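Coordinates in review
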Amino acid sequence: MFPNHLKYPPSPQPHFMTATQHLTSLPNSAGSSKKKAKSDIMQKVGLVQDGIGSLQSSSLSCHEGKPQWFLTKLDAKMALIHQHQQEEGDTEICLRKVDIWVHKAHGNVLDKEAETLWLKIQFQQMMQAAKDLGSDV
């Protein structure tokens, strides 16, 4: 009933008795004082056991909180990493779209330059033809 490290009942009292001990050892009050002493001891044992239980509970809740804290921190880090990767992906997509737009615009410029060169060639051919017609007349 009592833990091994607690030595209950208490060690025996010295052989002399005080006046109050002598009075409580009278036959009439002997039963009630023993009951009161036993009740006091049981109450103290209950308090000690409650204290031990409270300490164990506090210790467990402290240790239980650490893994939860670690998991919460890990989740936050993973969320940040995921967000960063998502932003990198979005940026890469945006860069690819700009690249495509630049290539299309460059293609359009080349098409317009080709058209301009073709028109210049045609103009030169018309000028040459007009020169040839003018010299024949």
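Residue indices follow the written sequence of each chain, beginning from 1 at its first position. Residue-level local features of this predicted model are given only where pLDDT is at least 70; pairs of side-chain atoms are given and counted only at 80 or more, and the full residue set underlies all totals for whole chains, interfaces and linings. The basis for the side-chain values is all heavy atoms of the structure; hydrogens and waters are excluded.

What to know about the overall build of the protein
- Elements are defined by DSSP. Helices are runs of H or I of four residues or more, strands are runs of E of two residues or more, and each kind is numbered from the N terminus. A count of helices and strands for the protein gives two helices and zero strands.
- Per-residue accessibility takes into account occlusion by the displayed protein chains alone, with areas from the Shrake-Rupley method and a 1.4 Å probe. Carbon and sulfur atoms make up 65% of the accessible area of the protein, which amounts to about 12,800 Å² in all.

Details of the pattern of salt bridges
- Between Lys or Arg on one side and Asp or Glu on the other, a salt bridge is scored when a side-chain nitrogen of the former is within 4 Å of a carboxyl oxygen of the latter. Scanning the model with the defined rule gives two salt bridges in all.
- Between Asp-40 and Lys-36 there is a salt bridge, with its nearest N and O atoms 3.5 Å apart. On the criterion of helical spacing, the pair formed by Asp-40 and Lys-36 is a turn pair, its members being four residues apart in helix α2 (residues 27-136).
- Residue burial is assigned from relative accessible area. The probe radius is 1.4 Å, only protein chains are included, and a residue is buried under 20% of its type maximum, exposed over 50%, and partly exposed in between. For Asp-40, a relative accessible area of 30% corresponds to the partly exposed category.
- With its nearest N and O atoms 3.0 Å apart, the salt bridge here joins Arg-96 to Glu-92. Remark: Glu-92 and Arg-96 occur in helix α2; sequence separation between them is four residues, near one turn of the helix.

Re a nonpolar patch on the surface
- Patch construction takes residues with relative accessible area above 30% that form no salt bridge. Like charges are linked within 9 Å, and nonpolar side chains (Val, Leu, Ile, Met, Phe, Trp, Tyr) are linked within 5 Å. There is a patch of nonpolar side chains on the surface, built from Trp-69, Phe-70, Leu-71, Leu-74, Met-78 and Ile-81 and spanning about 630 Å² of accessible area.
- Note on placement: Leu-71 falls in helix α2.

Side note on the confidence of the model for the protein
- Confidence scores per residue from the predictor, reported as pLDDT, run from 0 to 100. Averaged over the protein, the pLDDT score is 78; the fraction of residues at 70 or greater is 70%.
- Whether two residues are in contact is decided by their heavy atoms: any pair within 4.5 Å suffices. In this model residues 5-27 is a low-confidence stretch, pLDDT under 50, and it forms ten contacts with partners more than four residues away in sequence or in other chains.

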